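Per-entry structural report
Residue strings, one per chain:
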Amino acid sequence: MIYSKEVEEMCPVKLGVNHGCAPIPEEAKWVKAKNVQDISGYTHGIGWCAPQQGACKLSLNVKEGIIQEALVETIGCSGMTHSAAMAAEILPGRTVLEALNTDLVCDAINTAMRELFLQIVYGRTQSAFSEDGLAIGAGLEDLGKGTRSMVGTTYGTLKKGPRYLELTDGYITGIALDEEDAIIGYKYVNFGKMMDFIKKGDDAQTALDKASGQYGRVQDAVKIIDPRTDKEVK
């Protein structure tokens, strides 16, 4: 340790009261985190790249400082999906400190890691008050049935109004309009469920029919249009 001449010549004064660090909630315990292995928790965070053309939602399950599970969801940038695949390989097995200082290729994922780090080390995790935290596999549960991200994509113009393209329910196949051309519901197909039906042996049309649904007052619609072609559908 190197000290400056000014410090070397100072007279010693005893350090005052030291209460130590404040405890943080971790998996239903109050923990005074002093080392990286003292950190546990499951949490989510959002990151964005410098030009803000893409975003990443990152979910991590940390046990005793080690990332045991990582869910990476991206939107808005085609190159980012490849970065996400790399991050899913890179993150498990690293400490949260290593992950913070690891190049995860994409700025959006790096930023998400920064935001998660802050939540985790300050005890603001989803599992802060859950005894023993969340089991490894909680990330897959976030995706729901069909193991697909919950995506919402809508588009609108002043001249022609809104178009629903994809919502959490699924891919929108028809927008239900009333006599004033206002949206009163929609039809959709859940691709995750559709693929599950096909894998179980259903033909494509049967799987499509079984994975299709509707929301709202579709039965009261004057017309139903395809949001991509504007053609009327059944």
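Structure: see above.
Read on for an overview of the structure.

Rules used throughout
- Chains are numbered independently. Their residues run from 1 in the order of the written sequence.
- Reporting in this predicted model follows two pLDDT cut-offs: at least 70 for local features of residues, and 80 or more for side-chain atom pairs to be given and counted; totals over whole chains, interfaces and linings ignore these cut-offs and use all residues.
- As a rule here, side-chain values cover all heavy atoms of the structure and leave hydrogens and water aside.
- A 1.4 Å probe rolled over the protein chains alone gives each residue an accessible area, and that area as a share of the maximum for its type sets the label: buried under 20%, exposed over 50%, partly exposed in between.
- Numbering of helices and strands starts at the N terminus; helices are DSSP runs of H or I of at least 4 residues and strands are runs of E of at least 2.
- Two strands qualify as a pair provided that DSSP identifies no fewer than 2 bridges between them.
- Expected span of a helix, by definition, is 1.5 Å for each gap between consecutive residues, and there is one gap fewer than residues.
- The contact definition used throughout considers only heavy atoms, calling two residues in contact when any of these lie within 4.5 Å.
- Of all possible arcs, the one meant is that of the directions from the helix axis to the C-beta atoms.
- Under this definition, polar contacts are N or O atom pairs within 3.5 Å; protein pairs additionally need one hydrogen-donor-capable and one acceptor-capable atom, and for neighbouring residues in sequence, both atoms have to be side-chain atoms.
- Note on definitions: angles span 0 to 180 degrees between N-to-C directions of axes, and those axes are lines fitted to C-alpha atoms, for helices only across the stretch in contact.
- Note on aromatic contacts: the rings of Phe and Tyr and the six-membered ring of Trp form a pair at centre separations within 6.5 Å, being stacked when their planes are under 30 degrees apart, edge-to-face when over 60 apart, and tilted otherwise.
- Sitting over a ring, as applied to charges here, requires NZ of Lys or CZ of Arg to be within 6 Å of the ring centre and within 35 degrees of the ring normal.

**A word on the pairing of strand β8 (residues 170-177)**
Among the 8 residues that make up β8, 6 are buried, leaving the element largely enclosed by the rest of the structure. In terms of strand pairing, strand β7 (residues 161-167) meets β8 through 2 bridges, oriented antiparallel. Each bridged residue has a counterpart across the sheet, and for leucine 167 the counterpart in β8 is glycine 170. Once β7 ends, the chain turns through 2 residues before running back antiparallel as β8. Looking at chain direction, β8 and strand β9 (residues 183-189) are connected through 6 bridges and run antiparallel. Along β9, the bridge assignment pairs glycine 174 with lysine 187. Hairpin connection between β8 and β9: a loop of 5 residues separates the two successive antiparallel strands, and aspartate 181 in this loop has a positive phi of roughly 65 degrees. In this sheet, strand β11 (residues 223-225) lies alongside β8 in antiparallel orientation, the contact comprising 3 bridges. Along β11, the bridge assignment pairs isoleucine 175 with isoleucine 225.

**Side note on the pairing of β7**
As defined by bridge partners, strand β6 (residues 153-157) adjoins β7 across 5 bridges and the pair is classed as antiparallel. If you follow threonine 157 over to β7, its bridge partner there is glycine 161.

**Focus: helix α4 (residues 107-121)**
Counted at 1.5 Å a residue, the expected span for α4 with its 15 residues is 21 Å, and the 21 Å between its end C-alpha atoms agrees. Here α4 has its buried residues at Ala108, Ile109, Thr111, Ala112, Met113, Leu116, Phe117 and Ile120. For α4, the elements touching its buried residues are β1 (24-26), β3 (41-48), β4 (55-63), β5 (66-75), α2 (78-90) and α3 (96-100). Once α4 ends, the next one or two residues include glycine 123, with phi positive near 75 degrees.

**Here's the deal with the environment of phenylalanine 117**
Among the structural elements, phenylalanine 117 can be located in helix α4. Residue phenylalanine 117 is classed as buried on the basis of its relative accessible area of 17%. When the C-alpha positions of phenylalanine 117 and leucine 100 are compared, they lie 7.1 Å apart, and in sequence the two are 17 residues distant. Contact partners of phenylalanine 117, with chain neighbours within four places excluded, come to Val96, Leu97 and Leu100.

**As for α2**
Structurally, the α-helix is built with 3.6 residues per turn, so residues lying three or four positions apart point the same way. Those residues of α2 lying buried are Met80, Ser83, Ala84 and Ala87. The arc that holds the buried residues of α2, viewed along the axis, is 110 degrees, so those residues lie on one side. Every exposed residue of α2 that faces more than 90 degrees away from the buried side is listed here: Ser78, His82 and Glu89. Tucked into the core, α2 has its buried residues touching β4, β5 and α4.

**Some words on the side chain of glutamate 166**
By the secondary structure assignment, glutamate 166 is in strand β7. Engagement of the side chain of glutamate 166 in a polar contact is seen with the side chain of arginine 148, the distance being 3.3 Å. Sequence-distant contacts of glutamate 166, defined by excluding residues within four places in its chain, comprise Arg148, Val151, Gly152, Thr153, Tyr171 and Ile172.

**Considerations on the sheet that holds β5**
By definition, the strands of a sheet pair up through backbone hydrogen bonds, in either a parallel or an antiparallel sense. Here 3 strands make up an open sheet; going across it, the order is β3-β4-β5 and the pairing antiparallel. Two strands bound the open sheet, and with one partner strand each, they are β3 and β5. Here the average twist between neighbouring strands, direction ignored, is 15 degrees. In the sheet, β3 pairs with β4 via 8 bridges, with the strands oriented antiparallel. Its bridge partner lying in β4, tryptophan 48 is registered against alanine 55. Strands in contact with α2 are β4 and β5; relative to β5, the strand with the most contacts, it is inclined by about 170 degrees. Its contacts with the sheet place α4 against β3, β4 and β5, and it is angled at close to 140 degrees to β3.

**A look at the packing of aromatic side chains**
If you walk through the whole model with that rule in mind, you get 5 aromatic pairs. Judged by centre distance (6.1 Å) and plane angle (75 degrees), the ring pair of tyrosine 164 and tyrosine 186 falls under edge-to-face. Of this pair, tyrosine 164 sits in strand β7 while tyrosine 186 sits in strand β9, and the two are 22 residues apart along the sequence. Among the residues examined, tyrosine 186 registers a relative accessible area of 8% and is labelled buried. Put simply, the rings of Tyr164, Tyr186, Tyr188 and Tyr215 touch in pairs and so form one group of aromatic residues. Across from the ring centre of phenylalanine 197, 4.4 Å away, lies the NZ or CZ of lysine 210, which sits over that ring.

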